[in-house]
Amino acid sequence: MSQIKQVTKTSQKQSPQQIMLNRLLVPIVELEKAVQEELANNALLEDETTEVDESASMNDNIEPTEQDAIDDGRGIDDDIDQRDGLIEESDLDAFDDDYSYRERQEHDRNSGDTNYDNFIASHRSLNDELIEQLVQEDLDEQEMVIAQEIIGSIDDRGYLGRNPAVIANDMEFKRRIITTEEEVIRILKIVQTFEPSGIAARDEQECLSIQLHNITPRDAAVETATTIIDRCFNELTKKRYKDILKTLNINDDDLDAALNIIKRLSLAPASSYSEIVHDVIVPDFYVTNKDGRLVVSLNNEHTPKLHVNRYYTQTLKDLEKQKTKNKATLEAINFIKDKSEDATLFIDALKLRTTALTATMKCIVKHQKQYFLSGDPVDIKPLLQKDVAEETGYDNSTISRIVNAKYVQTDFGLVRLDKFFSNAVESEDGSAVASAEVKAKLQEIVDGEDKSQPFTDEKLTEQLKQMGYTIARRTVMKYREALGIPSSTMRKELKK
């Protein structure tokens, strides 16, 4: 006879407020879309931006409020105006001195303090081309949204910049779509059939493989080249040609013909788009140096001033006072209550977003103070996201979402937040240096090498050691790949 056992398990479940917060931990431009969607879906959520703008327009001299500062004698936590952009009925006057991003632009243009060339990001018009191809596919609504998310995750070289598992996880929070890593990969395979060939690959091997599989008509040389990339990529990058000949049972002529095809392939599919368009990247934060004081502020242009509609609030009170309530009245009461709770949840999540972003940026600036003063990448110190999580009290996933795809406007231009995070590498004198510093040196070495005889990873390791950076060869290979630098074999072949 089977026995029934009671087992107690502990599981972590996110609260509705945390789920809503995760949805809003997006770049400032995406936040505007999320707010507009919520306003369209919830009649009880009201935007007071117009009212505040009208009152603010009466004051021609709008100036920014005092922000956080860091200097030698003062901590970043000593004073802060979070400027969360959210108002209650009694707080209208508090926003008279707030000013929008566009007003900030106009103010800075007039003052001459900001180089607006830094706001312009040149990129290839690849996204539009991919979307045009996407609409030709027979996909349902969910598949189409996933495909758009994949296309939006393609970097400047044409590679998929995010893991499919991460995309699947983010879809739930950003789009309220439940999907799996397997489904994302299935849709990814569809996107990888688009032009330019090799697009949305996850690494160099997959990029070359996609291009070779797309070649038509096919002959023996194409088939051999495809097999080399699919089965002998490691041997190819290490120039183990004898191993390739033995494994594939081919002769030297077959190998030469295949290599001639491989060297004509592109390791950066997006580079084939020569048409340049200009978009304005809107920074999420500002950090400026005011006579040695680092002034930190949060961009709130796309964070409107919201509240629960007062008319519906009063209507709810009136309905609840009725002694007899019919079915329609009860349904109206429940509807208003539900929408009111949703509106309140959204407003509170926006406030939490402001608090979380502000705390994270303050922590980053505190640790990377020297960089914000000098603008030299060498001054970026080792910093892990988990360190910021521990210091701010947020979990690692929250910090990861805050950092993802966000920019800070500095005196030296726009900088992505993830640039400030890197592992520590031990230098020759035993001190810790940021991996970003090592990567900068690695790039210098590759830029100055003899392209007819490019350095192997082993040689690059020796070069770095001579410069005082003692790291393993496999770490050098990882940094090289992260920088988008091909192997020595590929650099030589591409140079030819």
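Just so it is clear, the model here is predicted, and its values are computed rather than measured.

Calculation rules
Sequence order as written defines the numbering, with residues in each chain counted from 1. The predicted origin of the model limits local features to residues at a pLDDT of at least 70 and limits the giving and counting of side-chain atom pairs to 80 or more, whereas totals for whole chains, interfaces and linings rest on all residues. No hydrogens and no water enter the side-chain calculation; it runs on all heavy atoms of the structure. Summary of the burial criterion: residues with accessible area below 20% of their type's maximum are buried, those above 50% are exposed, and those between are partly exposed, where the area comes from a 1.4 Å probe applied to protein chains only. Helix and strand assignments come from DSSP, with helices taken as H or I runs of at least 4 residues and strands as E runs of at least 2, each series counted from the N terminus. DSSP calls a pair of strands paired once it identifies at least 2 bridges connecting them. Patch definition: residues above 30% relative accessible area lacking any salt bridge, with like charges linked at up to 9 Å and the nonpolar side chains Val, Leu, Ile, Met, Phe, Trp and Tyr linked at up to 5 Å. Here the accessible surface of atoms and residues is derived via Shrake-Rupley with a 1.4 Å probe, and residues count as covered only by protein chains that are part of the display. Salt bridge, as applied in this entry: a Lys or Arg side-chain nitrogen positioned within 4 Å of an Asp or Glu carboxyl oxygen. We score Asp and Glu as negative and Lys and Arg as positive, and we do not count His or the chain ends. Charge positions come from single atoms, namely NZ of Lys, CZ of Arg, CG of Asp or CD of Glu. Contact between two residues is taken to exist if any of their heavy atoms lie within 4.5 Å; hydrogens are not considered. To define a nonpolar core, start from buried Ala, Val, Leu, Ile, Met, Phe, Trp, Tyr and Cys residues and group those joined through side-chain atoms within 4.5 Å. Take the number of residues in a helix, subtract one, and multiply by 1.5 Å to get its expected span. A 3.5 Å cut-off defines polar contacts: any pair of N or O atoms within that distance qualifies, except that in protein one atom must be a possible hydrogen donor and the other a possible acceptor, and neighbouring residues in sequence count only when both atoms are side-chain atoms.

(A) Molecular detail of the pairing of strand β6 (residues 293–298). Among the 6 residues of β6, 5 are classified as buried, and the element is accordingly described as predominantly covered. Across 6 bridges, the pairing between strand β5 (residues 285–290) and β6 is antiparallel. Its bridge partner lying in β6, Lys 290 is registered against Arg 293. Counting the residues between successive antiparallel strands, the hairpin from β5 to β6 contains 2 residues, one of them, Asp 291, with a positive phi of roughly 55°.

(B) Representation of a negative patch on the surface within the structure. A contiguous patch of negative charge, built from Glu 137, Asp 138, Asp 140 and Glu 141, is present on the exposed surface. Within the element layout of this structure, Glu 141 appears in helix α6 (residues 141–152). A relative accessible area of 69% means that Glu 141 is categorised as exposed.

(C) Summary view of the pattern of salt bridges. Following the criterion strictly, the structure yields 13 salt bridges and no others. For the salt bridge of Glu 391 with Lys 366, the shortest nitrogen-to-oxygen distance reads 2.3 Å. Here the residue Glu 391 occupies a position in helix α17 (residues 385–392), and Lys 366 occupies one in helix α15 (residues 327–367), the gap between them amounting to 25 residues. The exposure class assigned to Glu 391 is partly exposed, which follows from its relative accessible area of 38%. Owing to a relative accessible area of 40%, Lys 366 belongs among the partly exposed residues under this scheme. Measuring nitrogen to oxygen at the nearest pair gives 2.8 Å for the salt bridge that ties Asp 457 to Arg 480.

(D) Region of the structure containing the environment of Met 490. On the secondary structure map, Met 490 appears in helix α22 (residues 488–495). Sequence spacing of Met 490 and Lys 238 is 252 residues, and the spatial spacing of their C-alpha atoms is 10.0 Å.

(E) Quick look at the environment of Leu 44. Summarising the element assignment, Leu 44 is placed in the loop between α2 (28–41) and β1 (45–47). In this structure, Leu 44 is in contact with His 307, Val 308, Asn 309, Tyr 312, Ile 336, Lys 339, Ser 340 and Ala 343, ignoring residues within four places of it in sequence.

(F) The arrangement of the nonpolar core in detail. Ranked by size, the top nonpolar core spans 27 residues in total, and within it Val 287, Met 361, Phe 372, Val 408 and Phe 420 carry the most contacts. When residues of this core are traced back to their parent elements, those giving at least two are β5, β6, α15, α16 (369–374), α17 and α18 (396–403). At 6 residues, the largest contribution of residues to this core is made by α15. Once you skip the residues sitting within four places of it in the chain, Val 408 turns out to touch Pro 283, Phe 285, Tyr 286, Val 287, Met 361, Phe 372, Gly 413, Leu 414, Val 415, Leu 417 and Phe 420.

(G) Local environment of unusual backbone geometry. A cis amide bond links Glu 195 to the next residue, Pro 196, at an omega of 0°. Secondary-structure assignment places Pro 196 in the loop between α8 (181–191) and α9 (204–213). Looking along the chain, the bond that leaves Thr 216 and enters Pro 217 is cis, with omega of -5°. Its identity is not glycine, yet Lys 239 carries a phi of approximately 60°, on the positive side.

(H) Molecular detail of α6. End to end, α6 covers 17 Å across 12 residues, agreeing with the expected 16 Å (1.5 Å per residue, within 8%). When we look at burial in α6, the residues that qualify are Glu 143, Met 144, Val 145, Ile 146, Ala 147, Glu 149, Ile 150 and Ile 151. Between the side-chain oxygen of the N-cap and the backbone nitrogen of Gln 142 there are 3.2 Å, and the N-cap of α6 in question is Asp 140.

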